[in-house]
Amino acid sequence: MSRPFIFLFLLLASLHSVSQKLDKLTVEKIMRDPKWIGTSPSSPQWSSDGNTLFFQWNPGKETNDSSYYITKDNKTPVKATVAQKQIFLPVNAAGYNIARTVYVFAKDGDVFYTDVKTGTTRRITQTVDVESNPQFSFNQTKIVYNRSSNLYAWDIAKGETIQLTNVRSGEAAPAQATGGFQRGGGANPPRTGGSGSSVNSAANQQEDWLKNDQLQTFEVLKTRKERTDQATAYNTSTRRKEIRSIFIEDKTLQGLNVSPDGRFVSYTLIKQPTAAKTTFVPNYVTETGFTTDITGRTKVGAAQRTVEFFIYDRDRDTVWAIKADSLPGIKDLPDYIKDYPKQLEDRKKRNANRPVSFNGPNWSPKGTYAIVDVRADDNKDRWLMLWDTAANKLKLLDRQRDEAWIGGPGINFGGTGWVDENTFWFQSEATGYSHLYTINVATGEKKALTSGNYEVQQSQLSKYKKYFYISTNEVHPGEQQFYRLTIADGKKERITTMTGSNQVTLSPDEKQIAILHSYSNKPWELYLQENKPGGKIQQITNKAQSEEFRSYPWKDPEVVTFPARDGATVYARLYKPSNPHPNKPAVLFVHGAGYLQNAHKWWSTYFREYMFNNLLADNGYYVLDIDYRGSAGYGRNWRTGIYRHMGGKDLTDHVDGVNWLVKTYGVDPKHVGLYGGSYGGFITLMGLFTEPDIFAAGAGLRSVTDWANYNHGYTSNILNEPYTDSIAYRKSSPIYYANGLKGHLLMCHGMIDVNVHFQDIVKISQRLIELGKDNWELAVYPLEDHGFVEPSSWRDEYKRVFKLFEEVLKK
């Protein structure tokens, strides 16, 4: 190569390097399509044989992520072909027998059976119907699967298939409806009754006498009757046994399942309310040019579904309706009702059971016992109930009562199972933190396996049931580390060591772990490690982020604490400016979701806001990102600290954060702003409306302005229902405090937001107009939902936020 060409090549390479370097942050640069950052690996899944690890990745910045894999022999990621993806079977899709010698799985609507030793796979079904959820039952002799809302059993030895259930829509005929049906969850003694059985009317004495006299008088009648009786007896003995029909009326069948011994079939019937009014979200910018309505959701307090739970005893041909009558405290009233004497009096007079929902049953390995997880619909109670299959009775194993609401890691219908035939494990916040427990269902002995002021955030029982593998934040509330806990002696060994978050996927043989790891300023990378303390760590993906992203010195925000006015310790991320502006301004970022953690030591899901906070710090602002009351990661009292008053302690935590910044770093209290989206937008509004002397400016993005407009599941936990606890809604909704606005307010909202509806921002706008407020503005985004998608929308939104702070806080 000649010298001129060498010079040109080096010049072009130098220019390319310069173009890939990020010298100064701007809104335009950080709010581009996120692909400019690069993409991290995600969703690691081991193959059922443990030889291959698949994960999602997009190093080539293509339209979508693709499947990549590594093997035991080749740790360099390879992009999977279509054929490889089609034959891949994740380990969690395989259901093993107790001996773990064979497993079953469903794929493409059919069921398959694989011998582990030989590796041979046998196809059990091949139909146009979809078969799903295969499992071993009948004491490991049959494979039971679901087809068209019915259960079928395939005999492993004989290859025969039998139908176990006959689910039908509509109502049963009167005779069918009464036979063999029991209510009360075992409160009544068992009764046997066949399908189609009926009670004959008692004949009077005259009819009995005449019938007997005729048969004794006439020989022909007697002979004919004997022949008829013989024929009937023969036909009955040879007739195929009918399957009990399960009529579900106008309800929806869910959770159809069978016990390990094949005797019991359980199912849930759901009835949706007919009177619940559904919202609509208008969509103005459409392909047709016409405005269309997007079907939304109901609002908090709307009529909810009803749930019925049944267990069908196939041996006795009896259906048991499991009722809530025997649940301890089923009639208990919540404490908040004391604020409403008339309501309290009415509820006491009714003395009604609270509505409940059922999950399960969770059968012991041999089917001796079944645990039903029952939740009160007001979410004040969770009962773990033992259903005794012999006595047909429910017995309380554990009750957790929370006058706020039941919640926490591993508690919302999850984190349960069997260690052995008599020992059941579960998680509970009984101590104020979610911990792991076992209970002997035969003796009632309960044992705590973990304890302390930290949370067990994930738990998994080892395949041979000698260990629990748990992820906790014991080291620091802002870290996630992985441990092995020996069940026999309670010994706990820490496996992961990297600071930050370690999200672990265990290999089938439990000898290796795949780790998705990230740190505060370093996005997720994939690692492999031996599953033991001090195990060798191998990085699989390296520098998944772009050269341009890596060229910038992203801040490692310090995780700090400060005291709240009630003495509690508040955790936060602090971004300190290298060159503070002379005004010493500060901005508080308020994370969304309420129950979410962001003051941690791993890569945030709020990556755009993380970059924007870097930009603010570069421009002379102190930035504080607080895990306020209601955030995740700090136990029950922190989680429920916003009960009946959102905008209470969660807001004063931010005010206390401002005071700490003023005292610690000399921030000017007259130059403080805040911003956030969703719940963060709500806190922004409450801050400007109720603490106008603290916050000079705020940007509320996709904000809740009236909690009576939001959904039932989230809102009713925290504020109960508008018509039962109007005090809580009045205290918690910004629309009632809009008159307090003094500072400068920016509001941004997507017009097709199906989560926090555009109606919320329209209502608060009308209220501000009526109050004569003129220091606010509204930016709308016609083609955006709750989470913005288009880079142009993100860019426009954050240019406005940055302009607000620059113009107000730097005056």
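Scoring rules and cut-offs
- Residues numbered from 1 in each chain as written.
- Predicted model: local features only at pLDDT ≥ 70, side-chain atom pairs only at ≥ 80, totals over all residues.
- Heavy atoms only, no water.
- Helix = DSSP H or I, 4+ residues; strand = E, 2+ residues; numbered from the N terminus.
- Areas by Shrake-Rupley, 256 points an atom, 1.4 Å probe, with all protein chains shown as cover.
- Lys, Arg positive; Asp, Glu negative; His and termini not counted.
- Charge placed at Lys NZ, Arg CZ, Asp CG, Glu CD.
- Buried < 20%, exposed > 50% of the residue type's maximum accessible area, 1.4 Å probe, protein only.
- Polar contact = N/O pair within 3.5 Å; in protein donor to acceptor, adjacent residues only side chain to side chain.
- Contact = heavy atoms within 4.5 Å.
- Core = buried A, V, L, I, M, F, W, Y, C linked by side-chain atoms within 4.5 Å.
- Axes fitted to C-alpha atoms, helices over the stretch in contact; angles between N-to-C directions.
- Left-handed = near helix turned anticlockwise from the far one by under 90°.
- Nonpolar A, V, L, I, M, F, W, Y, C, P; charged D, E, K, R; others polar.
- Pairing = 2+ DSSP bridges.
- pLDDT = per-residue confidence, 0-100.
- Salt bridge = Lys/Arg side-chain N within 4 Å of Asp/Glu carboxyl O.
- Phe/Tyr/Trp six-rings, centres within 6.5 Å; stacked < 30°, edge-to-face > 60°.
- Lys NZ or Arg CZ within 6 Å of the ring centre and 35° of its normal.
- Patch = residues over 30% accessible without salt bridge, like charges linked within 9 Å, V, L, I, M, F, W, Y side chains within 5 Å.

Tallying secondary structure elements over the protein chain gives 16 helices and 45 strands in all. If one aligns the C-alpha atoms of the protein chain with their principal axes, the spans along those axes are about 120 × 80 × 65 Å. Of the roughly 38,200 Å² that the protein chain leaves accessible, carbon and sulfur atoms contribute 50%. Positive and negative side-chain charges in the protein chain, numbering 99 and 88 respectively, have mean positions lying 2 Å apart.

Okay, unusual backbone geometry next. In this chain, Gly-360 is followed by Pro-361 through a cis amide linkage whose omega measures 5°. Position of Pro-361 relative to the elements: it lies in strand 22 (residues 356-363). In this structure, Asp-108 is a non-glycine residue whose phi angle is positive, near 55°. In this structure, Asp-108 sits in the loop between strand 6 (102-107) and strand 7 (110-115). The class for Asp-108 is exposed, based on a relative accessible area of 75%. Non-glycine residue Ser-148 carries a positive phi angle of around 50°. Mapped onto the elements, Ser-148 comes out in the loop between strand 10 (142-147) and strand 11 (150-155).

Let us now look at the side chain of Ser-678. As for its position among the elements, Ser-678 is in the loop between strand 42 (672-677) and helix 12 (679-690). Judged by its relative accessible area of 13%, Ser-678 is buried. Within polar-contact distance, the side chain of Ser-678 engages the side chain of His-786 at 3.0 Å. Each residue touching Ser-678, except ones within four places of it in the same chain, is listed here: Leu-701, Arg-702, Ser-703, Val-704, Val-756 and His-786.

Attention now goes to the nonpolar core. One recurring pattern in soluble globular proteins: nonpolar side chains tend to sit buried together. With 63 residues, the main nonpolar core has Leu-588, Leu-624, Leu-661, Phe-689, Phe-695 and Trp-707 as its most contacted residues. Residue contributions to this core peak at 7 residues, all from helix 12. The contacts of Leu-588, once residues within four sequence positions are left out, are Leu-624, Ile-626, His-654, Val-658, Leu-661, Val-672, Gly-673, Leu-674, Tyr-675 and Phe-695. Grouped together as the second largest cluster of nonpolar side chains are 55 residues, Leu-53, Tyr-68, Ala-514 and Tyr-606 included.

The next point concerns the packing of helix 9 (residues 607-618) against helix 16 (residues 791-809). Contact pair helix 9 / helix 16: the axes reach a minimum separation of 12 Å and the direction vectors enclose 30°. Relative to helix 16, the crossing made by helix 9 is right-handed. Of the residues in helix 16, those in contact with Arg-608, Glu-609, Phe-612, Leu-615 and Leu-616 of helix 9 are Trp-794, Tyr-798, Val-801, Phe-802 and Phe-805. A breakdown of the residues in the contact of helix 9 with helix 16 according to their chemical character gives 8 nonpolar, no polar and 2 charged.

Turning to the sheet that holds strand 28 (residues 435-440), a few remarks are in order. Taken in spatial order, the 4 strands of this open sheet run 26-27-28-29, and their pairing is antiparallel. Single-partner strands in this sheet number two, and they are strand 26 (417-418) and strand 29 (446-448).

Any segment with low pLDDT has predicted coordinates that should not be analysed in fine detail. For the protein chain, per-residue confidence averages 91 on the pLDDT scale, and residues scoring 70 or more make up 93% of the total. Counted against residues more than four places away or in other chains, residues 177-181, with its pLDDT under 50, gives 14 contacts. In the predicted structure, residues 183-201 sits below a pLDDT of 50 and forms 42 contacts with residues beyond four places in sequence or in another chain.

Burial of strand 21 (residues 318-322) is extensive: 5 of the 5 residues sit out of reach of the surface. Along strand 21, one buried face is formed by Thr-318, Trp-320 and Ile-322 and the opposite face, lined by Val-319 and Ala-321, is buried too. Of the pairings in the sheet, the one linking strand 20 (residues 306-313) to strand 21 comprises 5 bridges and is antiparallel in character. Note on strand 21: the bridge partner recorded for Phe-310 is Ala-321. In this structure, the hairpin formed by strand 20 and strand 21 is closed by a connection of 4 residues, where Asp-317 is found at a positive phi of approximately 55°.

With that settled, consider the pattern of salt bridges. Applying the stated criterion to the full structure yields 46 salt bridges. Across the salt bridge formed by Asp-313 and Arg-316, the nearest N and O atoms sit 3.8 Å from each other. The class for Asp-313 is buried, based on a relative accessible area of 0%. When its relative accessible area of 21% is taken as the criterion, Arg-316 is described as partly exposed. Among the salt bridges present, the one from Arg-375 reaches Asp-373, with a minimum N-O distance of 2.8 Å. A single burial state applies to Arg-375 and to Asp-373, both of which are buried.

This part covers the packing of aromatic side chains. Tallied over the entire structure, the rule returns 49 aromatic pairs. Pairwise contacts between aromatic rings join Phe-589, Tyr-606, Phe-612, Tyr-675, Tyr-781, Phe-788, Trp-794, Tyr-798, Phe-802 and Phe-805 into one cluster. In this arrangement the basic side chain of Arg-32 is found over the ring face of Trp-36, its NZ or CZ atom lying 4.4 Å from the centre. Sitting above the plane of the Tyr-467 ring, Arg-484 keeps its charged end 5.3 Å from the centroid.

This part takes up a nonpolar patch on the surface. Taken together, Tyr-284, Val-285 and Leu-783 make up a surface patch of nonpolar side chains, about 310 Å² in accessible area. Here Leu-783 is to be found in the loop between strand 45 (776-781) and helix 16.

What follows covers the sheet that holds strand 44 (residues 744-750). A sheet is described by the order of its strands in space; here 8 strands give the open sequence 38-39-41-40-42-43-44-45, paired in mixed fashion. Across the chains shown, the open sheet's two edge strands, defined by having one partner strand only, are strand 38 (558-563) and strand 45. Along the sheet, successive strands turn relative to each other by an average axial angle of 20°, direction set aside. Here strand 38 runs beside strand 39 (residues 569-575); their pairing, made up of 6 bridges, is antiparallel.

What follows concerns the pairing of strand 18 (residues 280-283). Here strand 18 shows one buried face, formed by Val-281 and Asn-283, and one open face, formed by Phe-280 and Pro-282. In terms of strand pairing, strand 18 meets strand 19 (residues 292-295) through 4 bridges, oriented antiparallel. Within the sheet, the bridge partner assigned to Phe-280 lies in strand 19 and is Thr-295.

Tracing the sequence through the fold places Tyr-113 in strand 7. Accessibility expressed as a relative area gives 16% for Tyr-113, which makes it buried. For the pair Tyr-113 and Tyr-96, spaced 17 residues apart in the sequence, the C-alpha separation amounts to 9.8 Å. Ignoring any residue separated from it by four or fewer positions in sequence, one finds Tyr-113 in contact with Val-102, Tyr-103, Val-104, Thr-120, Thr-121, Arg-122, Ile-124, Phe-136, Ile-143, Trp-154 and Ile-156.

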